[in-house]
Structures are given as structure tokens and as C-alpha cells.
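# Fold and contact review
The chain contents come next:
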Amino acid sequence: MNVLMLNGSPHERGCTNRALLEVSWALNEEGIETEILHVGSQSVHGCIACQKCSETGRCVFNYDLVNQVLDKMETASGLIVGSPVHYASPNGTVLSFLDRLFYAGRDFAFKPGAAVVSARRAGTTASLDVLNKYFTIAQMPVVSSTYWNMVHGFTPQEVEQDLEGLHTMRALGKNMAWLLKCLEVGKAAGISLPAWEEIPRTNFIR
């Protein structure tokens, strides 16, 4: 089993990475492999709703890591997305990345997902709410912890002082590992995934 982790911070070794590392260590202790990809410093184009991904399962913009992450999600057991808080929201790069990733993605359903955010002070719960919506629309079980999945600090060294935040990250890792193992046991016992039902697309005009 393996969990893919996306670092959406522009700083590869910043506060968001420190939080993800704590989750990663907890997962590794439970025998779950992890990979952290740094996507936050890239120039990421927003989704243009061209619908091509509905035909190919991949995004037409092929210059960043979106399609590579889609490839990795074919075999990944779970996904964790980390972002700093910018103006009480995940940063723009993360949002553009996830818009395209989830719009094109076909390998997300029933794989556990979790969001992690870092902030100097505030905006964390609003940012978590935004990120969790990607998981819920993709039928991904959202993994919880002992508090909201956040750390506080302006530098990684300050995050080290947020003992409760780091505890929250470790608990998140352990909870995700537990859920992944439960899913494996269920699969081995012959418990099948829910059957797909075609979605009746409606709008508010007709």
C-alpha cells in the first residue's frame, strides 16, 4: 500500500512540508509507503473546461505534474494534499492543480483522502473546507484526526514548537493507515465496492 502526498507550498522545505513529513513518518511506521511530490512552485494553468479529459482521462496541458499524478493515482492507495493558507484559502497553484486533477481523474473513488494546511495564524479551517470538497465529490473517504489537520508557524522551526499540531499529523497518519488496512481486509473478504449508477445531470434552468 502506498499514499501519494502533494506539497502545494511554493517552499519545498517549508511549513507544509514539515507537516506532511510528520504524517509520512506515521504512515511508514504502520508499513505504508509514501511519496511526497512538490507541486507548489510550478506554473500551473487553470482548467479551461475543454472536456478533452473526458475522452482521454488526461489533461490537455502536459507541461506540469498533473498528468504524472494521474498516472500515479492509478496505483496509489490514498492521497494527501498539503497547502499553505493564502488569504484564508489554499494557494492558487494548489487550486488550479486540483481542479484539473480531479476533473480528469478516474482513479480516486473509494481511496482515502486527507488535507493538511499550515498557517502563521488564521484561515486554516476555511482552507480545509475547500480542499475536503475535492475528496467528497470524488467518493473518497475523508480521513480525520484528533483535531483539524493544521499546523501553525511561519517557519519549519516554529512548526516544531506546535506540539499539538504535530500530534494531529501523526494521528492522521495512523488513522489513514488503519483505514487502508481495513479496506484491504474487506477486499480480501470479498466485500465489493458500491455499484456505479449513472448520474442524472441537471441544472436550474430546465
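A brief report on the enclosed structure follows. These numbers were taken from a predicted model, which means no experiment stands behind them. (Residues numbered from 1 in each chain as written. Predicted model: local features only at pLDDT ≥ 70, side-chain atom pairs only at ≥ 80, totals over all residues. Heavy atoms only, no water.)

### Considerations on the pairing of strand β2 (residues 33-38)
Bridge count for strand β1 (residues 2-7) against β2 is six bridges, and the pairing is parallel. In the strand pairing of β2, asparagine 2 is matched with glutamate 33. Regarding topology, helix α1 (residues 15-29) serves as the crossover connection from β1 to the parallel β2, and that connection is right-handed. (Pairing = 2+ DSSP bridges. Helix = DSSP H or I, 4+ residues; strand = E, 2+ residues; numbered from the N terminus. Right-handed = clockwise from strand over helix to strand, strands pointing away.)

### As for the layout of surface pockets
Approximately 730 Å³ is the volume found for the largest pocket. What lines the largest pocket is a set of 21 residues, among which Phe102, Tyr103, Gly105, Ile137 and Arg201 lie closest to the centre. Counting residues per element, the ones that place at least two in the lining of the largest pocket are α2 (53-56), α4 (92-104) and α5 (124-137). Ranked by residues supplied to the lining of the largest pocket, first place goes to α4 with five residues. For the lining of the largest pocket, a count of residues per class yields 12 nonpolar, four polar and five charged. Here the second largest pocket is characterised by a volume of approximately 420 Å³. Lining of the second largest pocket is provided by 17 residues; of these, Phe110, Leu183, Glu184, Lys187 and Leu193 occupy positions nearest its centre. When its residues are assigned to classes, the lining of the second largest pocket shows 10 nonpolar, four polar and three charged. (1 Å grid on protein atoms, 1.4 Å probe; cavity = no way out; pocket = protein on both sides within 12 Å on 5 of 7 lines; lining within 4 Å. Points joined across faces, edges and corners; volume = space filled by probe spheres on them. Nonpolar A, V, L, I, M, F, W, Y, C, P; charged D, E, K, R; others polar.)

### Section: the nonpolar core
Membership of the largest hydrophobic core comes to 34 residues, with the highest contact counts inside it found for Leu6, Leu79, Phe97, Leu98, Leu101, Phe102 and Phe108. Counting only elements with at least two residues in this core, the list comes to β1, α3 (66-73), β3 (78-86), α4, β5 (113-119) and α5. With six residues, the single largest contributor to this core is α4. Filtering out sequence-adjacent residues up to four positions away, phenylalanine 97 remains in contact with Leu6, Val39, Val44, Leu65, Val66 and Val69. Within the second largest apolar cluster, 21 residues are counted, among which are Leu27, Val151, Met169 and Leu179. (Core = buried A, V, L, I, M, F, W, Y, C linked by side-chain atoms within 4.5 Å. Buried < 20%, exposed > 50% of the residue type's maximum accessible area, 1.4 Å probe, protein only. Contact = heavy atoms within 4.5 Å.)

### Remarks on empty space enclosed by the protein
Throughout the structure, instances matching the rule amount to two cavities of 30 Å³ or more. Each pocket or cavity is described by its volume, and for the largest cavity that value is around 90 Å³. Contributing to the lining of the largest cavity are 13 residues, with Cys47, Cys50, Cys53, Cys59 and Val60 lying nearest its centre. Counting residues per element, the lining of the largest cavity draws most heavily on α4, which supplies three residues. When the residues that make up the lining of the largest cavity are grouped by side-chain class, the tally is 10 nonpolar, one polar and two charged. Roughly 30 Å³ of volume is contained in the second largest cavity. Every residue along the wall of the second largest cavity is listed here: Leu6, Asn7, Gly8, Val39, Val81, Gly82, Val94, Phe97 and Leu98. Elements supplying a minimum of two residues to the lining of the second largest cavity: β1, β3 and α4. Take the lining of the second largest cavity: its biggest share by element is three residues, from α4.

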